[in-house]
Amino acid sequence: METLTVYWLKINAVVPILFLAYWLLLKNEKFFKLNRLFLMGSLVLAFVLPMVPIINNPGVSKVQREVTALNPLYNLYDNIGFANNVNVGREIEENNRQAAAPAQQGLLSDVGALEVMFTLYVGVGIVLLVRFVTQLINLVLLIRKTNRQHVDGINYCEHNEELSPFSFFNYLIINKSQYNAERYNQIVLHERVHIRQAHTLDLLVTEIVHIVLWINPVMIFFKQYVKINLEYLADNDVLEAGVDKKSYQYSILQACVQTETYPLTNLFTSSKIKLRIKMMNSRRTPLARLYKYVLVLPLVVAVYFVIHPYAKALPLTEQQQVQLKAFEGKYKMSFQNDVVYLQITAKGNELVLKQLWDDQEITFKQESELNFFNSAQNFPINFIKGPKGDITQMLAFNKDLWTKEGGQPQKETALSKQQLDAFTGYYQYQQPKEGYVQCVVRGNNLVGIQLWTKKEFVFTALSESEFISREGITAKFTKNKAGVVTEVLVSNSEVLKKVKEPKEIEKKEAKLTQQQLDSMVGYYHMRENKDLVMQVSHSGNDIRVKQLWDNAEQIFMPISDVEIFSKGAMLTIMFTKGTNGQITQLQATKGKIWDKGQKPEEKVAFNLSTSNLKAFDGKYSMPYQGDVMYLEITSTEKGLMLKQLWDGQQISFYPISELEFYNKEKAFPLKFIKRDGRIAQVEAFRKDLWSRVN
């Protein structure tokens, strides 16, 4: 969906740029055929340029640098996540941040706002398409009612209605009785030009593009100038045929009183009469002005760079070059009772993979910190870091796991299809009961599908019962004495029970009293992390739950005085009452308890100098599952940047006191501890204690 969204945005960016160039440079020139070519070519370029492959050539890097620096769309694409250096793994990688930032899945994160907007947009487009088809049908019905006569490739359609004369493809529709012989001949000459030069195609193509880009206001003006240029063409040919200019202009003015017209047609009359007459009376454009059309080529190149900002085309800094070299090394994989090897080397801004068994080389561009891609062969490679933050493995095509020599990764285990089939089926969350995951087999991998979001996670076997996804999510399956799988432990934190099939749970809305609704209203603080707060309010009988850390909001319906349900999010929330009968807490996903409390205080930024911030710089470690995890903290202009060395994720913090920092988006607090006047430790989420190592 995001890819389609960015493609659509780029189309909408190209059209205004090219139209602005036409309006500034060409609209007053009398090279009407070239103007027609430019206008229709602009529509073609709008759809084609966004699909042109990225140019990654040092010879154009200077132009790319200058255009990208001035490009107002670059940040927009980057925010969506799909600039040419898009971090396509960003959304997936966010699902497994557990050490320095334990998982905090939002209740409402799976509500597809983008899908809703897309549906509304398509809905309006369908309405416009229906109108377009209706206009075509009405036009065909009118033509069928006329008296038609075919002469020299043109169908002359006579009728008795009071309509302005027009043409549609090779049909010329006119009420002959309304005009004298001179005016009739002028109209026929004019419409013949439209027919011979197939001007109807321009009108239909422009109308269809306007339906697709209906939200772009520039398309309204674009359509107008396409039509007026076609009229310029016809007027020019009529006058060149020897028709008296004044008589012809008078005929156009007289025809204006007949206001009833048909859309999608070439009209003899036009709402732009003043422009047509002005153009007819203007002097012929000197040939010297053809230079303006030569500017089209550099304009197209500039537009290309505007919609394809490509910062990676710039030379790497020394630090980036060092980071890229971290992927270099020799990798091996077991294959058909043998071991095969490949070599990874950094070359410029790219990685070169060399297959040592046949010396074939494949070049990859970086898409995110650990993800690389070769577009020519549709070949993705994803690197995996070990507990100490070093590269230990590489996953090719999301299935082939290669081990870096010198690393100590978990080893891949090859399972037969029969062994993999034992894990297929449906698994049910314990909280909420409506949440299901389906496991299926694809090739040599097990794929987990969240049924409420349709997200897929590809798992590789580490043993006969343990799997790991390329995002680092672990899955440990449990079997009963008969060898049948009964449950799965996900990321060592949550157990899902295997069931025969998902059960559709019917929820009936309960009508609550005002007092019952008011009792639910308030602020609820997560017991494990008081910085995570949800606000509950109501509108009528609807209950609104808002996550204050990211402002995501979902509407629930009450199904009892202590239970609410959201069908869109497939989520049930249970309220608990105290001894006095008042609601004191709620229970949401994964059995998390949220205690009712006061409105949270806004965490105000505390001013620290640059020298004070630098005191927190350093590398910190913490024991984790028999190993040691590392993170690095560096000072920024206004706060700190924390980097998790095992996955490269970076999180920014702002100071709220001399030793405390906060990240609002993740409700992530940091509290530093001093010893002997020096920063010695940092506490994350008020429980994870990291010790400074340098």
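Counting from 1, residues in each chain are numbered in the order their sequence is written. The predicted origin of the model limits local features to residues at a pLDDT of at least 70 and limits the giving and counting of side-chain atom pairs to 80 or more, whereas totals for whole chains, interfaces and linings rest on all residues. Computation of side-chain values: all heavy atoms of the structure, hydrogens and water removed.

1. Some thoughts on the environment of F653
No. 1: Looking at the element boundaries, F653 is found in strand β33 (residues 650-655).
No. 2: The cut-offs for exposure are 20% and 50% of the maximum accessible area for each residue type, with area from a 1.4 Å probe on protein chains only; residues under the lower value are buried, those over the upper are exposed, and the others partly exposed. We classify F653 as buried; its relative accessible area is 5%.
No. 3: Taking the C-alpha atoms as reference points, F653 and M641, 12 residues apart in sequence, are found 6.3 Å from one another.
No. 4: With residues up to four places along the chain from it excluded, the contact list for F653 reads G639, L640, L642, F661, Y662, N663, F668 and L670. Secondary structure elements are defined from DSSP: runs of H or I of at least 4 residues count as helices, runs of E of at least 2 residues count as strands, and each element is numbered from the N terminus. Note on definitions: a residue-residue contact is assigned when non-hydrogen atoms from the two residues lie within 4.5 Å.

2. What to know about the packing of helix α7 (residues 181-196) against helix α10 (residues 245-255)
No. 1: At their nearest, the axes of α7 and α10 sit 10 Å apart, and the two run at 90 degrees to each other. As summarised for this structure, α7 and α10 are arranged roughly perpendicular, according to the angle between their axes. For the pair α7 and α10, the contacting residues are E182, R183, Q186 and H190 in the first and S247, Y248, S251, Q254 and A255 in the second.
No. 2: Residues are grouped as follows: Ala, Val, Leu, Ile, Met, Phe, Trp, Tyr, Cys and Pro are nonpolar; Asp, Glu, Lys and Arg are charged; all remaining types, including Gly, are polar. Within the contact of α7 with α10, the residues separate by chemical class into two nonpolar, five polar and two charged. For every element, the axis is a line fit to its C-alpha atoms; helices are fit only across the contacting stretch, and the angle between N-to-C directions ranges from 0 to 180 degrees. For classification, angles of less than 35 degrees are called roughly parallel, those exceeding 145 degrees roughly antiparallel, those between 65 and 115 degrees roughly perpendicular, and all remaining angles oblique.

3. What to know about the sheet that holds strand β26 (residues 563-566)
No. 1: The antiparallel closed barrel is built from eight strands, whose spatial order is β22-β23-β24-β25-β26-β27-β28-β29. Going across the sheet, the axis of each strand differs from the next one's by a mean of 30 degrees, ignoring polarity.
No. 2: With four bridges joining them, strand β22 (residues 522-526) and strand β23 (residues 533-539) adopt antiparallel strand pairing. Residue pairing for β23: Y524 is matched across the bridge by M534. Strand pairing is defined by DSSP finding a minimum of two bridges between the two strands.

4. Notes on the pairing of strand β12 (residues 391-396)
No. 1: Most of β12 sits out of view: six of its six residues are buried.
No. 2: Of the pairings in the sheet, the one linking strand β11 (residues 379-385) to β12 comprises five bridges and is antiparallel in character. Residue pairing across strands places K385 opposite I391, the latter belonging to β12.
No. 3: Relative to strand β13 (residues 400-404), β12 runs antiparallel, the two being bridged by four bridges. Residue pairing across strands places L395 opposite L401, the latter belonging to β13.

5. Some points on the side chain of Q681
No. 1: Among the structural elements, Q681 can be located in strand β36 (residues 678-684).
No. 2: Residue class for Q681 comes out buried when judged on its relative accessible area of 10%.
No. 3: In the analysis that follows, any N or O atom pair within 3.5 Å is treated as a polar contact, provided that within protein one partner can donate a hydrogen and the other can accept it, and provided that, for residues neighboring in sequence, both atoms belong to side chains. Side-chain polar atoms of Q681 contact the side chain of S691, separated by 3.4 Å.
No. 4: Other than its neighbours up to four places away in sequence, Q681 contacts Y620, K671, F672, I673, R675, L689, W690 and S691.

6. Overview of the pattern of salt bridges
No. 1: Salt bridges, as used here, are contacts in which a Lys or Arg side-chain nitrogen is within 4 Å of a carboxyl oxygen on Asp or Glu. The tally for this structure, following the rule as stated, stands at 20 salt bridges.
No. 2: Ionic pairing is found between E29 and K292, a salt bridge with its closest N-O pair at 2.7 Å. One end of the pair, E29, is in the loop between α1 (2-26) and α2 (32-48); the other, K292, is in helix α12 (residues 291-294), and 263 residues separate them in sequence. The same class applies to E29 and to K292, which are both buried.
No. 3: A salt bridge links D595 to R527; the nearest nitrogen and oxygen atoms lie 2.8 Å apart. Here D595 is found in strand β29 (residues 593-597), whereas its partner R527 is found in the loop between β22 and β23, with 68 residues between them in sequence.
No. 4: By relative accessible area, R527 is classed as partly exposed at 45%.
No. 5: Connected through shared salt-bridge partners, E29, R289 and K292 make up one network.

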